[in-house]
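Chain by chain, the residues:
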Amino acid sequence: MPNITVELLAGRSLDQRRQFVEAVTAQAEAILGARRQDVRILFVEISGELVAKGGVLAVDAE
């Protein structure tokens, strides 16, 4: 059973999440041979105040 955790900055729409889980689930089926109903995806939202890249907080890079 694939358990897939996705960390991303907050703000993605419900439609974007739906598209993402469909695509990732399809790939888990094709590549890993997983059954669709066994693919579990967990989104972990991170606020821009809690992550930095290149010395700049994500909230300041927007």
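Up top is the structure these notes are about.
As a starting point, this report considers the structure included with it.

Rules used in this analysis
Residues numbered from 1 in each chain as written. Predicted model: local features only at pLDDT ≥ 70, side-chain atom pairs only at ≥ 80, totals over all residues. Heavy atoms only, no water. Helix = DSSP H or I, 4+ residues; strand = E, 2+ residues; numbered from the N terminus. Rg over C-alpha atoms; globule rule 2.2 N^0.38 Å. Buried < 20%, exposed > 50% of the residue type's maximum accessible area, 1.4 Å probe, protein only. Contact = heavy atoms within 4.5 Å. Areas by Shrake-Rupley, 256 points an atom, 1.4 Å probe, with all protein chains shown as cover. Expected span 1.5 Å × (residues − 1). Arc of directions from axis to C-beta. Salt bridge = Lys/Arg side-chain N within 4 Å of Asp/Glu carboxyl O. Pairing = 2+ DSSP bridges. Right-handed = clockwise from strand over helix to strand, strands pointing away.

### Notes on the overall build of the protein
Each helix and strand counted, the protein has two helices and four strands in total. The N-to-C order of helical and strand elements in the protein reads β-α-β-β-β-α. Whereas a compact globule of 62 residues would reach a radius of gyration of roughly 11 Å, the protein reaches 14 Å, over 25% beyond that. Burial status across the protein gives 19% buried among its 62 residues. Within the protein, contacts between residues separated by at least 24 positions form 60% of all contacts whose residues are at least 6 apart in sequence. Accessible surface, the protein as shown: approximately 4,700 Å² in total, 53% of it carbon and sulfur.

### Description of helix 1 (residues 14–32)
Along an α-helix, residues three or four apart share an orientation, since each turn contains 3.6 residues. Taking 1.5 Å of rise per residue, 19 residues should cover 27 Å, and helix 1 covers 26 Å from first to last C-alpha, within 8% of that figure. Those residues of helix 1 that fall on the buried side of the exposure criterion are Arg17, Val24, Thr25 and Ala28. Taken around the axis of helix 1, the buried residues stretch over an arc of 105 degrees, which confines them to a single face. In this structure, helix 1 carries Arg18, Gln19 and Ala30 as exposed residues pointing more than 90 degrees from its buried face. Where helix 1 terminates, the next one or two residues include Gly33, which has phi positive at roughly 75 degrees.

### Re the pattern of salt bridges
Counted by the stated rule, this structure contains four salt bridges. Close ionic contact of Arg36 with Glu29 constitutes a salt bridge, the shortest N to O distance being 2.8 Å. Assessed through its relative accessible area of 37%, Arg36 is described here as partly exposed. Across the pair Asp38 and Arg35 runs a salt bridge whose closest N-O atoms are separated by 2.8 Å.

### A word on the pairing of strand 2 (residues 40–46)
Two elements, strand 1 (residues 3–9) and strand 2, share seven bridges in a ladder whose sense is parallel. Looking at strand 2, one finds that Thr5 is bridged to Leu42. For the crossover that starts at strand 1, traverses helix 1 and ends in the parallel strand 2, the hand is right-handed.

This is a description of form; function is not addressed.
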